[in-house]
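# Architecture at a glance
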Amino acid sequence: MQKGILETYRAFLPIEESTPMVSMGEGNTPLVKSVQLGKMLGCEELYFKLEGCNPTGSFKDRGMAMAVAKALESGSKAIMCASTGNTSASAAAYGGRFSISTVVVVPKGRIAAGKVTQAMAHSARIIMVDGSFDQALSLVRNFTDQHPITLVNSINPYRLEGQKTGAFEIVDDLGDSPDYLFIPTGNAGNITAYWKGFKEYHQAEMSRSLPKMMGFQAQGAAPIVLGHPVEDPKTVASAIRIGNPANWTAALSARDDSGGVIDKVSDDEILEAYELLASCEGIFCEPASAASFAGLRKLHAEGLDVSCRRVVCIITGTGLKDPDTAVERFIPEITEIGADPKDLEAALQSISEGGEGIG
Ligand code: AN7
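Since the structure is predicted, the reported quantities are computational estimates derived from the model, not experimental observations. (Residues numbered from 1 in each chain as written. Predicted model: local features only at pLDDT ≥ 70, side-chain atom pairs only at ≥ 80, totals over all residues. Heavy atoms only, no water.)

With that settled, consider the site of the ligand. Taken together, 21 residues lie around the ligand, and Asn 86, Asn 187, Ala 188, Asn 190 and Thr 316 are the ones closest in. In this structure, an oxygen atom belonging to the ligand sits 2.7 Å away from a main-chain N or O atom of Asn 187. In this structure, a nitrogen atom belonging to the ligand sits 2.7 Å away from a side-chain N or O atom of Thr 316. Burial of the ligand by the protein chains amounts to 99% of its free accessible area of 470 Å². Residue-level mapping places the shell around the ligand at the junction of two domains, with at least three residues from each of domain 1 (5-58 + 159-327) and domain 2 (60-156). (Near = heavy atom within 4 Å. Polar contact = N/O pair within 3.5 Å; in protein donor to acceptor, adjacent residues only side chain to side chain. Areas by Shrake-Rupley, 256 points an atom, 1.4 Å probe, with all protein chains shown as cover. Domains from an automatic or database assignment.)

Right under this line is the structure:
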């Protein structure tokens, strides 16, 4: 049975006797070695951590398990978040499972179809704001300050506690920290959490080294790179369309303490990485998740030598979350035939003749 992060990493988490061991089997996600893209970059040890394999299809489940456990422990009757989609999907699922009312506040028309569908499926109360994610977060912060409702955005420290377990798993799998950790960056909770996890494991002598933290924002939503909030962030990667990250300062510390960078990638670079991951590695992720590999490709093109380096790219969510971008981007080669064996023979003639292959 899949244990879940609270049980697996109990010694490193704020768990008391009274903390309910909330779990939906989150964590223990695959760290998959690259078969094609690493070679293209001259990197022998490139790995992808498939966080889309979590129960609701994104890394948010790690943080949500911990945050919901603490909400229940404190006797809270409701949880609330603002979200670009994945936090709301995760909150809705854990909220439903552990019978705690869930309110999700999302920017109207700006979140991917799969994520809204999840919130609906798990019967969360859905509030759509005619505005940006940043405005939604501001509303939710203000509301939860004045009402006895638990905020489960990454401002809630338990979210980061849960998410740091991703770093533990990488070290458990590799036997040490990687040299570089590439990670998509939006509200900047995850880069903060991973850095915390790597540091704590290092302190506990579970690893010899620490990684450089390499955060990547979308070019049209890159406040940390620019050094100021972005009023109207724009990017195809709707999950990271965030103009004023809540964990801004902590992300800067992660960058500076680790000797890493926080940089940006354009939508074209994101979508190229999204396609390469799908076609060359079998990894179908959502656009925001491809920002990690897009960042690695960009820095490699600019001269970063990763030939003798161990590199991990966090793939934060599954591609099924955002079917609209996929349908727009992946031009299918579809041949329609009748149900006669001859039709299939004819359609695939080039293959049966040992021609081009399936392509
Ligand atoms: C797939 O769901 O902010 O830098 O409200 O869904 O920790 O914010 C999602 C963020 C990367 C960025 N990849 O992580 C939300 C939300 C995916 C994401 C990020 C998100 P942070």
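Computed from the structure, the second largest pocket encloses a volume of approximately 150 Å³. Thr 8, Tyr 9, Gly 27, Asn 28 and Glu 169 are the residues nearest the centre of the second largest pocket, which is lined by 14 residues in total. Counting residues per element, the ones that place at least two in the lining of the second largest pocket are helix 1 (5-8) and helix 8 (165-174). Broken down by element, the residue count for the lining of the second largest pocket peaks at three residues, all from helix 8. Classifying every residue of the lining of the second largest pocket gives two nonpolar, six polar and six charged. (1 Å grid on protein atoms, 1.4 Å probe; cavity = no way out; pocket = protein on both sides within 12 Å on 5 of 7 lines; lining within 4 Å. Points joined across faces, edges and corners; volume = space filled by probe spheres on them. Helix = DSSP H or I, 4+ residues; strand = E, 2+ residues; numbered from the N terminus. Nonpolar A, V, L, I, M, F, W, Y, C, P; charged D, E, K, R; others polar.)

The subject of this paragraph is the sheet that holds strand 6 (residues 150-151). Each strand in a sheet pairs with another by means of backbone hydrogen bonds, the pair being arranged parallel or else antiparallel. Ordered by their spatial adjacency, four strands build an open sheet running 5-4-3-6, and the pairing between neighbours is parallel. With partners counted over all chains shown, the strands left at the sheet margins are strand 5 (125-129) and strand 6, one partner each. In this structure, strand 3 (residues 78-82) lies alongside strand 4 (residues 101-107), joined through five bridges in parallel fashion. Residue pairing for strand 4: Ile 79 is matched across the bridge by Thr 102. (Pairing = 2+ DSSP bridges.)

This next bit is on the side chain of Ser 34. Along the chain, the position of Ser 34 falls in the loop between strand 1 (31-33) and helix 2 (37-40). A polar atom in the side chain of Ser 34 sits 3.3 Å from the backbone nitrogen of Leu 37. Beyond its immediate stretch of four places on either side in the chain, Ser 34 contacts Leu 46, Tyr 47, Phe 48 and Glu 281. (Contact = heavy atoms within 4.5 Å.)

All right, on to the packing of helix 12 (residues 267-281) against helix 13 (residues 291-301) then. Here helix 12 crosses helix 13 at 105°, and the two axes come no closer than 8 Å. Compared by their axis directions, helix 12 and helix 13 come out roughly perpendicular. Contact residues: helix 12 offers Glu 269, Ile 270, Glu 272, Ala 273, Leu 276 and Leu 277, while helix 13 offers Ala 291, Phe 293, Ala 294, Arg 297 and Lys 298. Here the residues of the contact of helix 12 with helix 13 sort into seven nonpolar, no polar and four charged. (Axes fitted to C-alpha atoms, helices over the stretch in contact; angles between N-to-C directions. Parallel < 35°, antiparallel > 145°, perpendicular 65-115°, else oblique.)

If you look at the biggest cluster of nonpolar residues, it comprises 47 residues, and the most contacted ones within it are Ile 170, Leu 181, Ile 191, Tyr 194, Phe 198 and Val 312. Lining this core are residues from two domains, each supplying at least three of them: domain 1 (5-58 + 159-327) and domain 2 (60-156). Once residues within four sequence positions are removed from consideration, Ile 170 is found in contact with Leu 31, Lys 49, Gly 175, Asp 176, Pro 178, Leu 181, Tyr 194, Phe 198, Val 312 and Ile 314. With 37 residues, the next largest nonpolar core counts Phe 48, Met 214, Phe 216 and Ala 294 among its residues. (Core = buried A, V, L, I, M, F, W, Y, C linked by side-chain atoms within 4.5 Å. Buried < 20%, exposed > 50% of the residue type's maximum accessible area, 1.4 Å probe, protein only.)

Attention shifts here to the environment of Lys 33. By the secondary structure assignment, Lys 33 is in strand 1. Note on Lys 33: relative accessible area 42%, which makes it partly exposed. Sequence separation between Lys 33 and Gly 282 is 249 residues, and the spatial gap between their C-alpha atoms is 12 Å. Apart from the residues lying within four places of it in its own chain, the contact partners of Lys 33 are Glu 44, Glu 45, Leu 46, Tyr 47 and Glu 281.

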